[in-house]
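The primary structure of each chain is shown beneath.
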Amino acid sequence: MNIDIPEGRNPIEYVWGEMVPGIGTAASGFSLAVYAHTTLGLREFEAARLRIAQINGCSFCLDWRTERDGRTVEDGFADAVTGWRTTDAFDDRTRLAAEYAERYATDHHGLDDGFWSRMTAHYSQTEIVELSMSIGAWLAFGRLNHVLGLDTMCVLPGH
């Protein structure tokens, strides 16, 4: 852990709630809203989320699987995300979600007209904004948890 946590305190609750309550509480609310209010399909949501987790190296995020109505993505999905360029396990929307997540995190200046033509052929404007906000949350907060060393202690409500 790269920050000091008082003995007997929950590291996640302390950092996200007590250390900077005006910021941490808002960040936590945003992070939870991404899951609670998404309209994206589970596979495209998870493809983008897992690609960011792979880039960030957040241990918790890599192990997490979003559940909807008792369902999660299939075993091997994370490996397909790693190989998003060539996997035959993805439809166009899922592949684009993984690609967008990677490029958003590593080459956002390289999102050219060709990419946006493909993206707008498969996603509505509203879905693009939602996916962008979700990717931004995962990039920021997964990276924050990893950098501070919290990712091995992270537990989200209900899990």
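Keep in mind the model is a prediction, meaning the values are calculated, not measured.

Caption draft 1: Structural view of the pattern of salt bridges. Summed over all chains, the structure comprises nine salt bridges. The salt bridge partner of Arg9 is Glu18, with a shortest N-O separation of 2.1 Å. Of the charged contacts, one joins Arg118 and Glu99 as a salt bridge, the two residues approaching to 2.7 Å between their closest N and O atoms. In this pair, Arg118 is assigned in helix α7 (residues 113-122) and Glu99 in helix α6 (residues 92-106), connecting sequence segments 19 residues apart. With a relative accessible area of 37%, Arg118 lands in the partly exposed category. Put simply, Glu44, Arg93 and Glu127 are held in one network by salt bridges that share partners.

Caption draft 2: The packing of α7 against helix α8 (residues 125-148), seen in detail. Between α7 and α8, the shortest axis-to-axis distance is 8 Å and the interhelical angle comes to 110°. By the angle between their directions, the pair α7 and α8 is classed as roughly perpendicular. Remark: the crossing between α7 and α8 carries right-handed chirality. Packed against α7, whose contacting residues are Trp116, Met119, Thr120 and His122, the element α8 presents Gln125, Glu127, Ile128 and Leu131 at the interface.

How each quantity is defined
Positions within a chain are numbered from 1, following the residues in the order the chain's sequence is written. Where totals are concerned, whole chains, interfaces and linings use all residues; where local detail is concerned, this predicted model gives features only for residues with pLDDT of at least 70, and gives and counts side-chain atom pairs only at 80 or more. Each side-chain value is worked out from all heavy atoms of the structure, with water and hydrogens disregarded. Counted as salt bridges are all cases of a side-chain nitrogen of Lys or Arg within 4 Å of a carboxyl oxygen of Asp or Glu. Each helix is a run of H or I in the DSSP string that is no shorter than four residues. Each strand is a run of E no shorter than two, and both are numbered from the N terminus. Only protein chains enter the accessibility calculation, which uses a 1.4 Å probe; a residue is then buried when its area is under 20% of its type maximum, exposed when over 50%, and partly exposed in between. Note on geometry: axes are lines fitted to C-alpha atoms, helical ones only across the stretch in contact, with angles between N-to-C directions running from 0 to 180 degrees. Roughly parallel here means an angle under 35 degrees, roughly antiparallel means over 145, roughly perpendicular means 65 to 115, and every remaining angle is called oblique. By convention, the crossing between two helices is left-handed when the near helix turns anticlockwise from the far helix through less than a right angle, and right-handed when the turn is clockwise. Here, two residues are considered to be in contact whenever any of their heavy atoms come within 4.5 Å of each other.

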